[in-house]
Amino acid sequence: MRLTEIYDRLYAAYGPQKWWPGETPFEVLVGAVLVQNTAWRNVERALAILREQGLMTPRKLYALAPEDLAEYIRSAGYFRLKAQRLRNLLKLIVERYDGSLAALFDQDVESLRRELLTVNGIGPETADSIVLYAAGLPSFVVDTYTHRILSRHGWMEPEADYHQLKEHFESQLPVDVPLYNEFHALLVRVGHHHCSKTPNCEGCPLAELLPPGGPLM
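These numbers come from a predicted model, not from an experiment.

S.K.: Looking at this structure, how should I read the nonpolar core?
M.R.: Side chains of nonpolar character tend, in soluble globular proteins, to be buried together. With 74 residues, the main nonpolar core has L10, L29, V30, L61, L89, F105 and F183 as its most contacted residues. Sorting elements by how many residues they give to this core places helix α6 (residues 79-97) first, with 9 residues. Contacts of F183, omitting those with residues within four sequence positions, involve L3, I6, Y7, L10, F140, F169 and L173.

Structure, rendered in structure tokens:
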């Protein structure tokens, strides 16, 4: 199955998604950490609090006591763990790049991605989200929905790991930030409505592309 056909079907059904939700690259970066294992609406509440408190800069957040940062982001869930992960990333930005996102992002995709992955608590999906949505560099983001959609349609093996899925998209699509952005957002949209743990194929833009026996998992 050509990925462009999947994209065209999703775009025709849903239109532009205008992702990632965030007012600044730094807010996108913070949100990418906070959204781990939770819904975006919970992250929005935490970001709103940080914004209202005038804390939405690397230096101001890093200067907070860990327990204070944890309280501010409580609505995002796992708030103590996420506060530590966020502080690990802030330490990199403040101590190595003098608090400048522009300096952090002034490197090629692979170098930036590798550096982000050295930060404790930053995995491939979070790193790619920061690279794509905050830095504006071409690195395709893979998530649970991506794996589930491709596996259920028989387009990838269920055992395929993050790297294999990422390579599948990047090897077949033009290297294009807006396309990567839109495609990932559309996969999240169709996954949320139709491809959760229990499939709901009725009305799905990709239903016609399922194998004859239905979803494979």
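S.K.: Would you explain unusual backbone geometry in this entry?
M.R.: Among all residues except glycine, the phi angle is most often negative; among peptide bonds, the trans geometry is most common. The backbone of N37 sits at a positive phi, close to 60 degrees, despite the residue not being glycine. Structurally, N37 can be placed in the loop between α2 (25-34) and α3 (40-52). The phi dihedral of D98 falls on the positive side, at around 55 degrees, and the residue is not glycine. Residue placement: D98 occurs in the loop between α6 and α7 (101-105). D98 sits in the exposed class, given a relative accessible area of 57%.

S.K.: What should I look at first to understand helix α11 (residues 162-172) in this one?
M.R.: One turn of an α-helix holds 3.6 residues; hence residues three or four places apart share an orientation. Of the positions making up α11, those classed as buried are Y162, L165, K166, H168 and F169. Along the axis of α11, the buried residues cluster in a sector spanning 155 degrees; they form a single face. Residues of α11 that are buried make contact with α1 (3-14), α8 (109-117), α9 (124-134), α10 (144-152) and α12 (177-194).

S.K.: When you look at the environment of T144 in this model, what are you seeing that I'm missing?
M.R.: Locating T144 in the fold gives a position in helix α10. Residue class for T144 comes out exposed when judged on its relative accessible area of 51%. Separated by 127 residues in the primary sequence, T144 and Q17 place their C-alpha atoms 18 Å from one another.

How each quantity is defined
- Residues numbered from 1 in each chain as written.
- Predicted model: local features only at pLDDT ≥ 70, side-chain atom pairs only at ≥ 80, totals over all residues.
- Heavy atoms only, no water.
- Core = buried A, V, L, I, M, F, W, Y, C linked by side-chain atoms within 4.5 Å.
- Buried < 20%, exposed > 50% of the residue type's maximum accessible area, 1.4 Å probe, protein only.
- Helix = DSSP H or I, 4+ residues; strand = E, 2+ residues; numbered from the N terminus.
- Contact = heavy atoms within 4.5 Å.
- Arc of directions from axis to C-beta.

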